[in-house]
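Each chain, letter by letter, is given below.
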Amino acid sequence: MKVGDLVRFTKEHSSRPGYDYCATWTGVIFQDPNDLPEMYKIYWTTQHGSHIGEWHTRDAWRGLEKVNESR
């Protein structure tokens, strides 16, 4: 995954006990120029509004899947 990709949580992730709240979330990966190079963020849209989540390494993306790739 890379900056600009549209992502969501996998069904495997969101079907785990306590994680069902994120089943409908959709997000866009971006990088803040003021952050460290290994820090990525995701702008999430949810059923309750939007927020930004931080991801410190690409390894943390295990529970995500691409919906659409950036160009």
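The coordinates are above.
Thresholds applied
- Residues numbered from 1 in each chain as written.
- Predicted model: local features only at pLDDT ≥ 70, side-chain atom pairs only at ≥ 80, totals over all residues.
- Heavy atoms only, no water.
- Salt bridge = Lys/Arg side-chain N within 4 Å of Asp/Glu carboxyl O.
- Helix = DSSP H or I, 4+ residues; strand = E, 2+ residues; numbered from the N terminus.
- Buried < 20%, exposed > 50% of the residue type's maximum accessible area, 1.4 Å probe, protein only.
- Core = buried A, V, L, I, M, F, W, Y, C linked by side-chain atoms within 4.5 Å.
- Contact = heavy atoms within 4.5 Å.
- Pairing = 2+ DSSP bridges.
- Axes fitted to C-alpha atoms, helices over the stretch in contact; angles between N-to-C directions.

As for the pattern of salt bridges
Phase 1 of the analysis: Tallying each qualifying case throughout the model produces three salt bridges.
Phase 2 of the analysis: Linking Arg8 and Glu65 is a salt bridge whose minimum nitrogen-to-oxygen distance equals 2.8 Å. Taken together, the residues span a long stretch of sequence, with Arg8 in strand β1 (residues 6-9) and Glu65 in strand β5 (residues 64-68) at a distance of 57 residues.
Phase 3 of the analysis: Exposure remark for Arg8: the relative accessible area of 36% places this residue in the partly exposed category.
Phase 4 of the analysis: Close ionic contact of Asp32 with Lys41 constitutes a salt bridge, the shortest N to O distance being 3.9 Å.

Considering the nonpolar core
As a rule of thumb, soluble globular proteins bury nonpolar side chains together.
Phase 1 of the analysis: Among the nonpolar cores identified, the biggest contains eleven residues, and these are Val7, Phe9, Cys22, Trp25, Ile29, Tyr40, Ile42, Trp44, Trp55, Trp61 and Leu64.
Phase 2 of the analysis: Listing elements by their share of this core, those giving two or more residues are β1 and β3 (40-46).
Phase 3 of the analysis: Looking at which element gives the most residues to this core, the answer is β3, with three residues.
Phase 4 of the analysis: When near neighbours in sequence (up to four residues on either side) are disregarded, Phe9 contacts Cys22, Trp25, Trp44, Trp55, Gly63, Leu64 and Glu65.

Remarks on the sheet that holds β5
Paired through backbone hydrogen bonds, the strands of a sheet run either parallel or antiparallel to each other.
Phase 1 of the analysis: Strand order in the open sheet formed by five strands is β4-β3-β2-β1-β5, with antiparallel pairing between adjacent strands. Edge strands, defined here as strands with exactly one partner in the open sheet, are β4 (49-55) and β5. Adjacent strand axes in the sheet meet at a mean angle of 35° when their direction is disregarded.
Phase 2 of the analysis: Here β3 pairs with β4 via seven bridges, running antiparallel. By the bridge assignment, Lys41 is partnered in β4 with Glu54.

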